[in-house]
Amino acid sequence: VQLQASGGGLVQAGGSLRLSCAASGGVFSFYAMGWFRQAPGKEREFVAAISRGGGTTDYVDSVKGRFTISRENAKNTVDLQMNSLKPEDTAVYYCAARPYGLALGSPRIDDYRYWGQGTQVTVSS
């Protein structure tokens, strides 16, 4: 499956952005999905994950209550709504898919097989 992330940009602290990841080349509903981010000089880290059906979600503590992951299997997309953005949210954001058929998302980078190219999010103070 191929993944294409979009929606990044420059926003002031307290603002919102909505990232979207479009999937192609596979039956999207059979892939659990995740969002990760990588800030300059730091390792890639987990942000959010969602199960194949969308009923189970997981978030890193630092974004709980501010970010929401969702998916529309009919449109082959998974989105990340980001509210109350902070400068520390600045990073390149990546969407990722787990191997075909696994039901749940995961916070582990190594559990994902397919990765998008990333989209830059910059939050100014």
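This structure is a prediction, so every number in the text was calculated from the model and none was measured. (Residues numbered from 1 in each chain as written. Predicted model: local features only at pLDDT ≥ 70, side-chain atom pairs only at ≥ 80, totals over all residues. Heavy atoms only, no water.)

A.B. asks: Got a minute to help me understand the packing of aromatic side chains in this structure?
C.D. replies: Given two aromatic rings, their pairing is described by the distance between the two centres and the angle made by the two planes. The full count for this structure, using the stated rule, is seven aromatic pairs. Taken together, a centroid distance of 5.1 Å and an interplanar angle of 55° make the contact between Phe36 and Trp115 tilted. Residue Phe36 is found in strand 4 (residues 33-38), and its partner Trp115 is found in strand 10 (residues 114-115); the two are separated by 79 residues along the sequence. Overall, Phe36 belongs to the buried group, its relative accessible area being 0%. For Trp115, a relative accessible area of 27% puts it in the partly exposed group. Above the plane of the ring of Trp115 lies Arg44, whose end atom (NZ or CZ) is 4.9 Å from the centre. In this structure, Arg71 is placed above the aromatic ring of Phe28, and the distance from its NZ or CZ to the ring centre is 4.4 Å. (Phe/Tyr/Trp six-rings, centres within 6.5 Å; stacked < 30°, edge-to-face > 60°. Helix = DSSP H or I, 4+ residues; strand = E, 2+ residues; numbered from the N terminus. Buried < 20%, exposed > 50% of the residue type's maximum accessible area, 1.4 Å probe, protein only. Lys NZ or Arg CZ within 6 Å of the ring centre and 35° of its normal.)

A.B. asks: Hey, could you run me through the environment of Leu80 in this one?
C.D. replies: Here Leu80 lies in strand 8 (residues 77-82). Between the C-alpha atoms of Leu80 and Tyr93, which are 13 residues apart in sequence, the distance is 9.8 Å.

A.B. asks: I would appreciate a short explanation of the pairing of strand 3 (residues 17-24) in the present structure.
C.D. replies: Here is the key point about a regular strand: its side chains alternate between the two faces of the sheet. Only one face of strand 3 is buried, namely the one carrying Leu17, Leu19, Cys21 and Ala23, since none of Arg18, Ser20, Ala22 and Ser24 on the opposite face is buried. Across five bridges, the pairing between strand 1 (residues 2-6) and strand 3 is antiparallel. What sits directly across from Ser6, in strand 3, is Ser20. The pairing of strand 3 with strand 8 spans six bridges and is classified as antiparallel. Bridge pairing in strand 8 places Ala22 opposite Thr77. (Pairing = 2+ DSSP bridges.)

A.B. asks: It is not clear to me how a nonpolar patch on the surface should be interpreted in this structure. Could you clarify?
C.D. replies: A cluster of nonpolar side chains, contributed by Val27, Phe30 and Tyr100, occupies part of the molecular surface with about 280 Å² of accessible area. Topologically, Phe30 is positioned in the loop between strand 3 and strand 4. Judged by its relative accessible area of 30%, Phe30 falls in the partly exposed class. (Patch = residues over 30% accessible without salt bridge, like charges linked within 9 Å, V, L, I, M, F, W, Y side chains within 5 Å. Areas by Shrake-Rupley, 256 points an atom, 1.4 Å probe, with all protein chains shown as cover. Salt bridge = Lys/Arg side-chain N within 4 Å of Asp/Glu carboxyl O.)

A.B. asks: Could you clarify how one ought to interpret unusual backbone geometry in this entry?
C.D. replies: Backbone phi values are negative for most residues with the exception of glycine, while trans is the configuration of most peptide bonds. Of note in the backbone geometry, Asn76 takes a positive phi value of approximately 60° without being a glycine. Its location among the elements puts Asn76 in the loop between strand 7 (67-72) and strand 8. The phi dihedral of Ser84 is positive, around 50°, even though this residue is not glycine.

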